[in-house]
Amino acid sequence: MTDVLAGPRSVPQERRLVTELPGPRSRELAARRAAAVSAAVGGTVPCYVERAEGAVVVDVDGNALIDLGAGIAVVNVGHAAPEVVAAVSDQVAAFSHTCFMVNPYEGYVAVCEELARITPGDHAKKSALFNSGAEAVENAVKIARHATGRSAVVVFDHAYHGRTNLTMALTAKNMPYKHGFGPFASDIYRVPMSYPYRDEPGISGAQAAARAIAVIEAQVGADEVAAVLIEPIQGEGGFVVPADGFLPAIADWCRQSGALFVADEIQTGFCRTGSWFACEAEGVVPDLITTAKGIAAGLPLSAVTGRAEIMDAVHTGGLGGTYGGNPVACAAALATIRTMREQDLAGAARAIEATMVPRLRALADRTGVIGDVRGRGAMLAVELVRPGTTEPDAELAGRIAKACHAQGVIVLTAGTFGNVLRFLPPLVIGQELLADALDVLDAAFAEQVAAR
Ligand SMILES: *Cc1c(COP(=O)(O)O)cnc(C)c1O
C-alpha cells in the first residue's frame, strides 16, 4: 500500500516533444473516435493520454505536455498524487460499491466530517454526496426549495452551473450549452453580475449588488426567492471576479429576505484560489455550498454542504442516488484533502499567482491584445480584445490556445464571448515547469499577434 507512496515518480516533470502534435498514434485514435464517439462531445487538445503525473501529461506517442488545465480544475493535487493512488487502490480492492443507502460505510461519513471542517463558517453543518457538479447544484436547489417553501431561484449573467435540464436553465450561455435543448425548467431568474472589466467604470461591488437586488425585488419578489445561486468567481463564464463587496452585499440581502445564499464552489473550491474556498476572501459564509471538481482528484464525487437545519429539512429518502458518495471516490477525497493540508496547496496556489500575474501583466503590456488580467490563486485568466477596444477577440484566443497545444502546453478557453484564456495548473506544478509553460505562452502570443 505504502509502496505506491515510496515508489519513484516515473514521469519527469518536463515538457518533451518527440513527434509533431498530435502524433501518429493520436491521429489513429482520432479516426476511431470520429467513427464511434458522438460528434456532440467536444474536444480541446488532440493528444490521447497514456499516463499523467504531477503537472505533466504523457500522450500515446510519448510526448510530455505541461498541464495548465488540470482536467478543468480537478487534479488540484496533481495527476497520480501518491496518497490518492494508494487510497483508491486499497479501497477498490476492499469494496467498490454497496450504495450508501443500502449498506453504509465510514468513508462517506468521514468526507462529510471533512466538508464540515473546511467549508466556511463555524455553525453546525451537514452534507449529502453525489456524483457530478450538476447533480450537486440540482440537489442544492431541491434542498433550498424544500427548506424555504419557496420556488424562485436567482442566478447571474455569465453563470455556469451544468448541463442537466435544471442546471442548463441555471447556466447563462446559449451556445453550446442550451442551444436546441429547451424547454427549460421554470422559476429561474437571471440578474446582472458584477463584471468589473465590462461594467461602467468605477461601479463598486455594493453598487453592482444594488443593481442585481433591484432586479430581484422588482421582477421576482423578495419573499418568493428560495435561493440566490452564485459562483464566487465565475468559471466557464470567464473567471469573472466580482468587485469587492458584491458577494457580501448579496449574502446580506439573502439573510434579510429569508432566501438562501448558495455558493457554487465547484470550480473555485479545494485550494484553487489560495484558500479552501473562494468565499473566504471576503468572509462570506454561504447557507449552502456545492463542491465537485477538485474534491477527489478525478474520481466522480460532488457534495452539497450547508447549515444542519437546512440539510435536515428534507424528508428522509428525499435525497440520494445509486452511486452518490461511492466508496472509492470517498477514499480519493479523503486522501486529496489530506494531501492539500500536508502540502499546503492553498499556499502553493498563492505562489502560482505570484509567479503568473506579473508575467501575464507584462504580456498584456507587450501585446496590447489583453484587456484584463484577472483571477485569484491558481485560477487566472486573460481576456483578449481588439487593441484599443473592449471588443472580444475569440478568434485570437482560439488561435493562441491551439498554438500552445501544438507546443505541448495545455490551456483552456472560457467566457461568454469565448475570448478568455484560462489557467488552472495542478497546484503541485514546479516553478521551472510553470516558467517553461509561460515561455510557450509568450511565444504563442508573439507569433499569433504578429500573424494578424
Ligand atoms: C463544472 C461546473 C459545474 C458542473 O459540474 P459537472 O461535474 O461538469 O456536472 C457546475 N458549476 C460550476 C461552477 C462548474 O465549474
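As the structure is a prediction and not an experimental result, all values here were calculated from the model.

About the cut-offs
- Residues numbered from 1 in each chain as written.
- Predicted model: local features only at pLDDT ≥ 70, side-chain atom pairs only at ≥ 80, totals over all residues.
- Heavy atoms only, no water.
- Core = buried A, V, L, I, M, F, W, Y, C linked by side-chain atoms within 4.5 Å.
- Buried < 20%, exposed > 50% of the residue type's maximum accessible area, 1.4 Å probe, protein only.
- Helix = DSSP H or I, 4+ residues; strand = E, 2+ residues; numbered from the N terminus.
- Contact = heavy atoms within 4.5 Å.
- Domains from an automatic or database assignment.
- Buried area = accessible area lost by both parts, 1.4 Å probe.
- Salt bridge = Lys/Arg side-chain N within 4 Å of Asp/Glu carboxyl O.
- Nonpolar A, V, L, I, M, F, W, Y, C, P; charged D, E, K, R; others polar.

1. So, the nonpolar core
Most often, soluble globular proteins have nonpolar side chains that are buried together.
Step number 1: Judged by nonpolar contacts, the single largest core of 101 residues is most densely connected at L288, L421 and F445.
Step number 2: It is helix α11 (residues 327-342) that provides the largest number of residues to this core, a total of ten residues.
Step number 3: Those residues in contact with F445 that lie beyond four places of it in its chain are L363, T367, V369, I370, V382, L384, I400, L421 and A450.
Step number 4: Membership of the second largest hydrophobic core comes to 30 residues, among which are V191, L247, W253 and C279.

2. Comments concerning the domain arrangement of the chain
By a frequent convention, interface size equals the accessible area lost on bringing the separate parts together.
Step number 1: When its domains are assigned, the chain resolves into domain 1 (24-77 + 344-450) and domain 2 (84-342).
Step number 2: Sorting the residues of domain 1 by area buried against domain 2 places V77, R376 and M379 first, and these three jointly supply 26% of that buried surface.
Step number 3: On the surface where domain 1 and domain 2 come into contact, there are two salt bridges.
Step number 4: Among the ionic pairs, E236 bridges to R422, the shortest N-O distance being 2.9 Å.
Step number 5: Among the secondary structure elements, those contributing two or more residues to the side of domain 1 that touches domain 2 are α3 (70-73), α12 (345-367), β11 (370-376), β12 (379-384) and β15 (420-423).
Step number 6: Here the side of domain 1 that touches domain 2 takes five residues from β11, the largest share from any one element.
Step number 7: Its residues assigned to classes, the side of domain 1 that touches domain 2 comprises 23 nonpolar, ten polar and seven charged.

3. Notes on the pattern of salt bridges
Step number 1: The full count for this structure, using the stated rule, is 23 salt bridges.
Step number 2: With its nearest N and O atoms 2.8 Å apart, the salt bridge here joins K126 to D312. Of the two residues, K126 is situated in strand β4 (residues 125-130) and D312 in the loop between α10 (308-311) and α11; the sequence distance between them amounts to 186 residues.
Step number 3: Assessed through its relative accessible area of 41%, K126 is described here as partly exposed.
Step number 4: By relative accessible area, D312 is classed as partly exposed at 44%.
Step number 5: Here R386 and E391 are joined by a salt bridge, their closest N and O atoms 3.6 Å apart.
Step number 6: Since its relative accessible area comes to 33%, R386 is described here as partly exposed.
Step number 7: Within the structure, one salt-bridge network assembled from shared partners comprises R386, E391, D393, E395, R399 and R452.

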